[in-house]
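Summary of structural features
Here is how the chains run, residue by residue.
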Amino acid sequence: MKILQNDWAEVIGDEFQKEYYQELRSQLKEEYTHQAIYPDMNDIFNALHYTPFANTKVVILGQDPYHGPEQAHGLSFSVKRGINPPPSLQNILKELAADLGYQIPDHGHLTSWAEQGVLLLNTVLTVRRKEPNSHKDLGWETFTNRIIQEVNAKQDPVVFMLWGKHAQRKKELISNDRHLVIESPHPSPFSAHRGFFGSHPFSRANEFLEEQGREKVNWQLPE
């Protein structure tokens, strides 16, 4: 059975056969057996499942999944319906409202973005409960670097949103000058006031997409 059910299987499917991924997989089996790990193992690749490679027009890079119960579901910054948006996501929604004049929604479920071509990708795809960065350096970075490199190689212009120093370290993988890179401080409460607020990432992304003849994103989240 293919792990990826859409065109990503043809683009990056060979990663699953590589030695680093086989080692990562065996470590994850151990972790999921003996620890509380997020997201649910069936949700690990949701960013790719919701946003096919061919449709990808915006990439929002996160670090690793939320580490509280019921929060992470495989899309960076997103939480399931019924879960209070964590502080960074609250700040993203505040900037969205200030940028485009939208009402702040009563949830932080970003699936509607993903379905329009916004790849909500964490650089590490799993985490232990209440232990942020606990799966750093297991091998996920090699896997997600490949994803970024493949999007960089696309002929279609893409917007990369790099919020915070961790995401901005991936800028070296974005060598294609047909793409737009939007950099700002991270939306966390510790840094949002240093330039994330007022950065207008959503309107800037849509202006670029329209200039390039691509359909803009409807960033308004459905109630």
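Residues numbered from 1 in each chain as written. Predicted model: local features only at pLDDT ≥ 70, side-chain atom pairs only at ≥ 80, totals over all residues. Heavy atoms only, no water.

1. Some remarks on the overall build of the chain
- The helix and strand tally for the chain stands at eight helices and six strands.
- Tracing the chain from N to C terminus, the helices and strands come up as α-α-β-α-β-α-α-β-β-α-β-α-β-α.
- In summary, the chain has a C-alpha radius of gyration of 17 Å against a globular reference of 17 Å for 223 residues, a match within 12%.
- Projected onto its principal axes, the C-alpha coordinates of the chain cover approximately 45 × 40 × 30 Å.
- A total of 223 residues make up the chain; the buried ones form 56% of that total.
- Of the contacts made within the chain by residues no fewer than 6 positions apart, 68% connect residues no fewer than 24 positions apart. (Helix = DSSP H or I, 4+ residues; strand = E, 2+ residues; numbered from the N terminus. Rg over C-alpha atoms; globule rule 2.2 N^0.38 Å. Buried < 20%, exposed > 50% of the residue type's maximum accessible area, 1.4 Å probe, protein only. Contact = heavy atoms within 4.5 Å.)

2. Here's the deal with the packing of aromatic side chains
- Following the criterion strictly, the structure yields 17 aromatic pairs and no others.
- Aromatic side chains Tyr20 and Tyr21 sit 6.3 Å apart centroid to centroid with 90° between the ring planes, which places their arrangement in the edge-to-face category.
- Residue Tyr20 is classed as buried on the basis of its relative accessible area, which comes to 18%.
- The class for Tyr21 is buried, based on a relative accessible area of 5%.
- Taken together, a centroid distance of 5.9 Å and an interplanar angle of 70° make the contact between Phe45 and Trp140 edge-to-face. Separated by 95 residues along the polypeptide, Phe45 in the loop between β1 (37-38) and α3 (46-50) and Trp140 in helix α6 (residues 140-152) bring together distant segments of the chain. Considered together, Phe45 and Trp140 belong to a single accessibility category, that of buried residues.
- Across from the ring centre of Phe53, 4.6 Å away, lies the NZ or CZ of Lys154, which sits over that ring. (Phe/Tyr/Trp six-rings, centres within 6.5 Å; stacked < 30°, edge-to-face > 60°. Lys NZ or Arg CZ within 6 Å of the ring centre and 35° of its normal.)

3. Things to note about the pattern of salt bridges
- Summed over all chains, the structure comprises 11 salt bridges.
- Note that Asp156 is salt-bridged to Lys154, the shortest N-O span being 3.9 Å.
- Assessed through its relative accessible area of 33%, Asp156 is described here as partly exposed.
- Under the relative-accessibility criterion, Lys154 is labelled buried at 6%.
- The closest approach of N and O atoms between Asp156 and Arg214, which form a salt bridge, is 4.0 Å. Residue Asp156 is located in the loop between α6 and β5 (159-163), and its partner Arg214 is located in the segment after α8 (201-211); the two are separated by 58 residues in the primary sequence. (Salt bridge = Lys/Arg side-chain N within 4 Å of Asp/Glu carboxyl O.)

4. What to know about the sheet that holds strand β2 (residues 58-62)
- Overall, parallel pairing links the four strands, which are arranged β3-β2-β5-β6 in an open sheet. Edge positions in the sheet fall to β3 (118-122) and β6 (180-184), since each of these pairs with one other strand and no more. Going across the sheet, the axis of each strand differs from the next one's by a mean of 20°, ignoring polarity.
- Along the sheet, α6 makes contact with β2, β3 and β5, crossing β3 at roughly 155°.
- Strand contacts of α8: β2, β5 and β6, with the helix running at about 160° to β5, the strand carrying the most contacts. (Pairing = 2+ DSSP bridges. Axes fitted to C-alpha atoms, helices over the stretch in contact; angles between N-to-C directions.)

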